[in-house]
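# Descriptive structure summary
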Amino acid sequence: MLTIQNPAWRTLFSVPTAVVDQYLKIATPLQLKVLLYLLRHCPDEIHCDVIGKQIGCLPELVEEAILFWQQTDLLSEVSTNPPAEQPSTQPASTPAPDTASNPQEPKPVAALPRTSAEVQLLPAEIAEMIQTSESLQTLFRMVEQQFGKPLNHMEQRSLIWLHDYLGFPSDVILTVITYCQSIQKGSIPYAERILIEWWNQGITTLQQAQDTIKEMEQRHSYQHRIMKLLEMHRNPTQKQQAYMEEWRQKAIPLDLIRYAYEKTVEQTDKLSFPYMQRILDDWTKAGYQTRTDVDANDKPPEPIRTRKQKKKEIPVSENAEAYRSLIYNLDE
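The structure reproduced in this document is the subject of the present report. None of the values given here were measured: they were computed from a predicted structure.

Conventions we followed
- Residues numbered from 1 in each chain as written.
- Predicted model: local features only at pLDDT ≥ 70, side-chain atom pairs only at ≥ 80, totals over all residues.
- Heavy atoms only, no water.
- Salt bridge = Lys/Arg side-chain N within 4 Å of Asp/Glu carboxyl O.
- Helix = DSSP H or I, 4+ residues; strand = E, 2+ residues; numbered from the N terminus.
- Core = buried A, V, L, I, M, F, W, Y, C linked by side-chain atoms within 4.5 Å.
- Buried < 20%, exposed > 50% of the residue type's maximum accessible area, 1.4 Å probe, protein only.
- Contact = heavy atoms within 4.5 Å.
- Patch = residues over 30% accessible without salt bridge, like charges linked within 9 Å, V, L, I, M, F, W, Y side chains within 5 Å.
- Areas by Shrake-Rupley, 256 points an atom, 1.4 Å probe, with all protein chains shown as cover.
- Polar contact = N/O pair within 3.5 Å; in protein donor to acceptor, adjacent residues only side chain to side chain.
- Axes fitted to C-alpha atoms, helices over the stretch in contact; angles between N-to-C directions.
- Parallel < 35°, antiparallel > 145°, perpendicular 65-115°, else oblique.
- Left-handed = near helix turned anticlockwise from the far one by under 90°.
- Nonpolar A, V, L, I, M, F, W, Y, C, P; charged D, E, K, R; others polar.

## Describing the pattern of salt bridges
- In this structure the tally under the stated criterion is 10 salt bridges.
- One salt bridge in this structure joins E245 and R219, with 3.5 Å as the shortest N-O distance. Here the residue E245 occupies a position in helix α11 (residues 238-250), and R219 occupies one in helix α10 (residues 206-229), the gap between them amounting to 26 residues.
- Across the pair D255 and R291 runs a salt bridge whose closest N-O atoms are separated by 3.1 Å. Remark: R291 occurs in helix α14 (residues 291-297) and D255 occurs in helix α12 (residues 254-268); sequence separation between them is 36 residues.

## Points about the nonpolar core
- Residues V143, L159, I173, L195 and W198 are the most contacted members of the largest nonpolar core, which totals 44 residues.
- Of all the secondary structure elements, the ones that give two or more residues to this core are α1 (17-21), α4 (59-70), α5 (123-132), α6 (134-147), α7 (153-165), α8 (170-182), α9 (188-201) and α10.
- If you tally residues by element for this core, the top one is α8, at 7 residues.
- Those residues in contact with I173 that lie beyond four places of it in its chain are L139, L159, L162, H163, F168 and L195.
- Within the second largest apolar cluster, 22 residues are counted, among which are M227, M232, Y288 and V294.

## Overview of unusual backbone geometry
- Even without being glycine, Q184 reaches a positive phi, approximately 65°.
- One can find Q184 in the loop between α8 and α9.
- One non-glycine residue, E231, lies in the positive phi region at around 55°.
- A relative accessible area of 46% means that E231 is categorised as partly exposed.

## Quick notes on a nonpolar patch on the surface
- Nonpolar side chains collect at one region of the surface, where F13, V15 and L36 lie side by side and expose about 240 Å² of accessible area between them.
- Positionally, V15 belongs in the segment before α1.

## Concerning the side chain of H163
- With respect to the element layout, H163 can be found in helix α7.
- In this structure the side chain of H163 is engaged in a polar contact, spanning 2.9 Å, whose partner is the side chain of S135.
- H163 has contacts with S135, L136, L139, F168, S170 and I173, leaving out every residue within four places of it along the chain.

## Some words on the packing of helix α2 (residues 29-40) against helix α3 (residues 48-55)
- Put simply, α2 and α3 touch, their axes get as near as 11 Å, and they point 115° apart. When the interaxial angle is binned, α2 and α3 end up roughly perpendicular. The hand of the α2/α3 crossing is right-handed. Judged by residue contacts, L30, K33, V34, Y37 and L38 of α2 engage V50, I51, Q54 and I55 from α3.
- By residue class, the composition of the contact of α2 with α3 is 7 nonpolar, 1 polar and 1 charged.

Shown next, in the form of structure tokens:
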């Protein structure tokens, strides 16, 4: 049984009830730490680096946490500018717009935000949306279980934008996040970029998502094997990925790709995707499928250095000997 010790309550500071009633579920531990520190030292002016040292985090993270609370009704930024001039109480003399002359004038339609960063959602709004949507509650709970931590404000905003604005079902969002974690890129911003691309392509159902991820996994596995064949120690560039994808689409045998790599290094002393592409194009047109096919039918290109060293031979005339004899006997 726990009892409250009286000495611990000799010094107190107030915490608004809204912190528990509205924001306890959506605020991260860091955001709550920052708020408690601010409430404890209110109304002193405290810099972010001081708070960061006290609670053990970077000043940038403190600024982000303060921004979260500023978007609620708990904190407000003090303005140092002079108060604006009060507007006149006299009625304006501008005439009212004549709506009768343009009865069919269309109302402007707001454009759909391109990313979740363009969506303005206050913490109170997020809390209300979670309370009223069982689907969002399930989505948030499942994602938090996958990441093993509470979601911050930006991650919550991203999930709501994907779910409510773009209309992705929760199972599709969870499927993409699971795939991102499997390739060591388990972050909601990365999953959002994939889902934006899918939305533009019309990929919105679970079956479409599963088929697309299967294709992505095959492409990723093939790329890993090609990197091993070519002895690559860094991730390929987009242009190199395009070469690999072309080889995959053409179903070029891996042994032939390795042989083209060896030929490339022999001729250029380095890995050159364009040079390999020319070799593979020639072999593909000739119908080669194995090293044996290449060795039996393909004439290796002559090194450039050898071609330069060769001199052009001058043909010998059949009458050269008779011509020399004539020259030598002119004085006879």
